[in-house]
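What follows is each chain in one-letter form.
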Amino acid sequence: MQLDDIDRVGVVGAGTMGNGIAQVAATAGYDVVMRDVEQQFVSAGFEDVDESLARLVARDELTRPEADRARDRIDGTTDLADLSDCDIVVEAATEDMDVKQSVFEDLAETCAPETVLATNTSTLSITTIASVVDRPERVLGLHFMNPVPVMKGVEVVVGEKTSEDTLALGHAFAEDLGKETWEADDKPGFVVNRILMPWINEGIRAYDEGVAEMADIDRGMTLGTNVPMGPLELADHIGLDVVLDASETLHEELGDRYKPAYLLKRKVAAGDLGKKTGAGFYEYD
């Protein structure tokens, strides 16, 4: 399959990552089917898309007619069978191996043999996810960064059986969405999270151990290393539960250098997950 063969894009999951992927694909001119298990999740996904498009219009990055056309290209569904005629499907379901393998088993039965199946996983093995389908050569990782409409990067991850054609199509597709790509082998955390998670955890430990106040840790890292957000603010932005899940996966695979900070676990246990709950390390409206 070539890039010109892709007309219809499927997205499994209407959450933060899924609706973002659906939006950028629709903005690039593709017809999109966004699927989740319940209608309330699909509806919430469309609300996020509407708000995101409105922000882009307000910043003069899209015209109102362009935003409306993009919105009209997205169909929502709870029926996985509606993805049967998609040329590429990007799975953005919960970061859980059992969930992802179940989705891929269903996709392999539903979609055409030539359909490319991509996973947006940030830490889990592409090879293991692909092991449940009969054509693992058509499976790869397309790890979009959050928030998808804003961040320019996509990590293209190569599974053990990923074919060269599938890999080339993954790069071409992401670039057609206006993204820039880099390639990673199927090793825990790939490039981004393998480096990012210990950085965030060390920032949390530095605060917990009294090295500096939260604001000074974040200010020190932004001014001292020219990153846009410090580790504590970024953790809140990502979601502390997401950071903890990724850190635990890496800890299991790579050992104690990835052990989650105690304060991170305590915050998640208390339900303070960051911006999405109104409180994490900082408080939000």
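From a predicted model like this one, the values you see are computed outputs, not experimental measurements.

How each quantity is defined
- Residues numbered from 1 in each chain as written.
- Predicted model: local features only at pLDDT ≥ 70, side-chain atom pairs only at ≥ 80, totals over all residues.
- Heavy atoms only, no water.
- UniProt positions renumbered as here; feature names shortened; annotations may be inferred.
- Helix = DSSP H or I, 4+ residues; strand = E, 2+ residues; numbered from the N terminus.
- Pairing = 2+ DSSP bridges.
- Axes fitted to C-alpha atoms, helices over the stretch in contact; angles between N-to-C directions.
- Contact = heavy atoms within 4.5 Å.
- 1 Å grid on protein atoms, 1.4 Å probe; cavity = no way out; pocket = protein on both sides within 12 Å on 5 of 7 lines; lining within 4 Å.
- Points joined across faces, edges and corners; volume = space filled by probe spheres on them.
- Nonpolar A, V, L, I, M, F, W, Y, C, P; charged D, E, K, R; others polar.
- Core = buried A, V, L, I, M, F, W, Y, C linked by side-chain atoms within 4.5 Å.
- Buried < 20%, exposed > 50% of the residue type's maximum accessible area, 1.4 Å probe, protein only.
- Parallel < 35°, antiparallel > 145°, perpendicular 65-115°, else oblique.
- Left-handed = near helix turned anticlockwise from the far one by under 90°.

### A closer look at the UniProt feature "domain: 3-hydroxyacyl-CoA dehydrogenase C-terminal" (unreviewed entry) in the chain
- According to UniProt, the positions carrying the feature "domain: 3-hydroxyacyl-CoA dehydrogenase C-terminal" (unreviewed entry) are residues 189–284.
- The span residues 189–284 shows a helical share of 62% and a strand share of 0%, and its end C-alpha atoms are spaced 29 Å apart.

### A short note on the sheet that holds strand β6 (residues 139–144)
- Across the sheet, which stays open at both edges, the eight strands sit in the order β3-β2-β1-β4-β5-β6-β7-β8 with mixed pairing between neighbours. The two strands at the open ends of the sheet, each matched to only one other strand, are β3 (74–77) and β8 (180–185). Taking the axes of each pair of neighbouring strands and ignoring which way they run, one obtains an average angle of 25 degrees across the sheet.
- Sheet contacts for helix α2 (residues 39–58): β2 (31–35) and β3; angle to β3, the most-contacted strand, approximately 155 degrees.

### Concerning the layout of surface pockets
- Approximately 290 Å³ is the volume found for the second largest pocket.
- Along the walls of the second largest pocket sit 14 residues, with V24, T27, P149, K152 and L177 positioned nearest its centre.
- Per element, the largest residue contribution to the lining of the second largest pocket is three residues, and it comes from helix α1 (residues 16–27).
- In terms of residue class, the lining of the second largest pocket is made up of seven nonpolar, three polar and four charged.

### A short note on the nonpolar core
- Counting 40 residues, the largest nonpolar core has V9, V32, I74, L142, F144 and F173 as its most contacted members.
- Excluding its chain neighbours within four sequence positions, the residues that come into contact with V9 are A25, Y30, D31, V32, V33, C86, I88 and F173.

### Quick notes on the packing of α2 against helix α3 (residues 64–72)
- At a minimum axis separation of 9 Å, α2 and α3 run at an interaxial angle of 160 degrees. When the axis of α2 is compared with that of α3, the two are roughly antiparallel. Judged by the sense of rotation from one axis to the other, the crossing of α2 with α3 is right-handed. Contacts between α2 and α3 involve F46, V49, D50, L53, A54 and V57 from the first element and R64, A67 and R71 from the second.
- In terms of residue class, the contact of α2 with α3 is built from six nonpolar, no polar and three charged.

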